[in-house]
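# Structural characterization, general
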Amino acid sequence: MKIYLSVDMEGVTGLTDPEEMHAGGRGYERGCELMTGDANAVVAGAFDAGAESVLINDAHGSTKNLRIDMIDPRATLIRGPGKPHRMGQGLTPDFAAACFVGYHARAGVQHGVLNHTWMGKEIQNVYLNGEICGETRLVAGFAGSLGVPVALITGDEAVCEEARELLGDVETVAVKKGVDRFSAELLPPTVAQARIREAATRAIGRLADFRPYVVAPPYTLGVEWNSTAIAAGCGLVPGTRQVGPRHTEFSTDDYREIMALFGIFAMIAGSVACGSGIYG
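Attention here is on the structure that accompanies the text. All figures in this text were calculated on a predicted structure; none of them were measured in a lab. (Residues numbered from 1 in each chain as written. Predicted model: local features only at pLDDT ≥ 70, side-chain atom pairs only at ≥ 80, totals over all residues. Heavy atoms only, no water.)

## Overview of the pattern of salt bridges
To keep things clear, this is the line we draw: Within this document, salt bridges are pairs made up of a side-chain nitrogen of Lys or Arg and a carboxyl oxygen of Asp or Glu, the two lying within 4 Å of each other. Working definition: helices are DSSP H or I runs of at least four residues, strands are E runs of at least two. Numbering for both runs from the N terminus.
One pass over the full model with this rule turns up 16 salt bridges. E162 is paired through a salt bridge with R106; the nearest N and O atoms lie 4.0 Å apart. Remark: R106 occurs in the loop between β4 (97–103) and β5 (123–128) and E162 occurs in helix α3 (residues 157–167); sequence separation between them is 56 residues. The structure contains a network of salt bridges with shared partners spanning D169, E171, R202, R206 and D209.

## Considerations on the pairing of strand β9 (residues 183–186)
Worth spelling out the cut-off: Strands are labelled as partners when DSSP assigns at least two bridges between them.
Looking at chain direction, strand β8 (residues 171–180) and β9 are connected through 4 bridges and run antiparallel. Following the sheet pairing, G178 is matched in β9 by A184. From the end of β8 to the start of β9, which pair antiparallel, there are 2 residues.

## Observations concerning the sheet that holds strand β10 (residues 219–225)
Pairing is antiparallel in the open sheet, where 5 strands are placed in the order β6-β5-β10-β12-β11. Sheet topology places β6 (131–132) and β11 (240–244) at the edges, where each strand pairs with a single neighbour. As paired strands, β5 and β6 are joined by 2 bridges and run antiparallel to one another. When the sheet's bridge partners are listed, L128 is paired in β6 with E131.

## As for the packing of helix α1 (residues 28–48) against helix α4 (residues 189–205)
Helix-helix packing: each pair is described by the crossing angle between the helix axes and the interaxial distance. Filter applied, for reference: Every angle, taken between N-to-C directions, lies between 0 and 180 degrees, and every axis is a line fitted to C-alpha atoms, over only the stretch in contact when it is a helix. Crossing handedness is read from the near helix: turned anticlockwise from the far helix by less than a right angle, it gives a left-handed crossing, and turned clockwise, a right-handed one. Throughout, a contact is declared for two residues whenever any of their heavy atoms are within 4.5 Å. All residues other than Ala, Val, Leu, Ile, Met, Phe, Trp, Tyr, Cys, Pro, Asp, Glu, Lys and Arg, Gly among them, are scored as polar; the first ten of these are nonpolar and the last four charged.
At a minimum axis separation of 7 Å, α1 and α4 run at an interaxial angle of 35 degrees. The interaxial crossing formed by α1 with α4 has right-handed handedness. Between α1 and α4, the residues in contact are L34, G37, D38, A41, V42, A44, G45, A46 and D48 and P189, Q193, I196, R197, A200, T201 and I204, respectively. Each residue belonging to the contact of α1 with α4 can be placed in one class, and the counts come to 9 nonpolar, 4 polar and 3 charged.

Pasting the structure below:
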């Protein structure tokens, strides 16, 4: 039985500060250790429940955050940029389940800690087939297109609520309760990671209860950007159409293209925003 982990950082135990999300920022190195601790808690719980192998994908930012020297030796890790399927890299139909670790609420959720969708400031909202979409829905849809169910979500209370609304009776662990975007009531790491391990064991033990989250093709990815310049730049990507001053859309029958497109969009949007000074 193979289990897949997609590990983000904003929903990791103990983290609330944007500085902790980026290399060189205050608290980043400790944040990487906490991120690795949450991932290891899922790995341990999965093996407790009979998993034969666990693949971890570092799904945050540079994708060079998880500490390989601290990873549970029973697991393997995908690390580094240039991954065509980004947050879903390595996921294939032969996995029994996917677990999303350290995830966060979509952009605009009032009490979502570090809430955003894919990019922190460049994107206002993302839509999948006309419905508002956070990263949980986006990656669950990719897993569902491969026939793989999502069994566990860990992060703040807001993303756990988002996951249950989307996926039903999925296992969730809230490691923090948002006060505002950059503040939260936190569980100590020992407590949070013990709960994560227990939930992972429960989730793998009840895989028969879960069904893949399936989005009907064709898939249309809509993005509301924060600037007309970013929308214009992304609108030049073949197959992408600009449907409003700050809106782009892209349609395909292959969900893998949706995942890959976000990597291209991020490069364009980041370049435009960083080169635009205070007007980015």
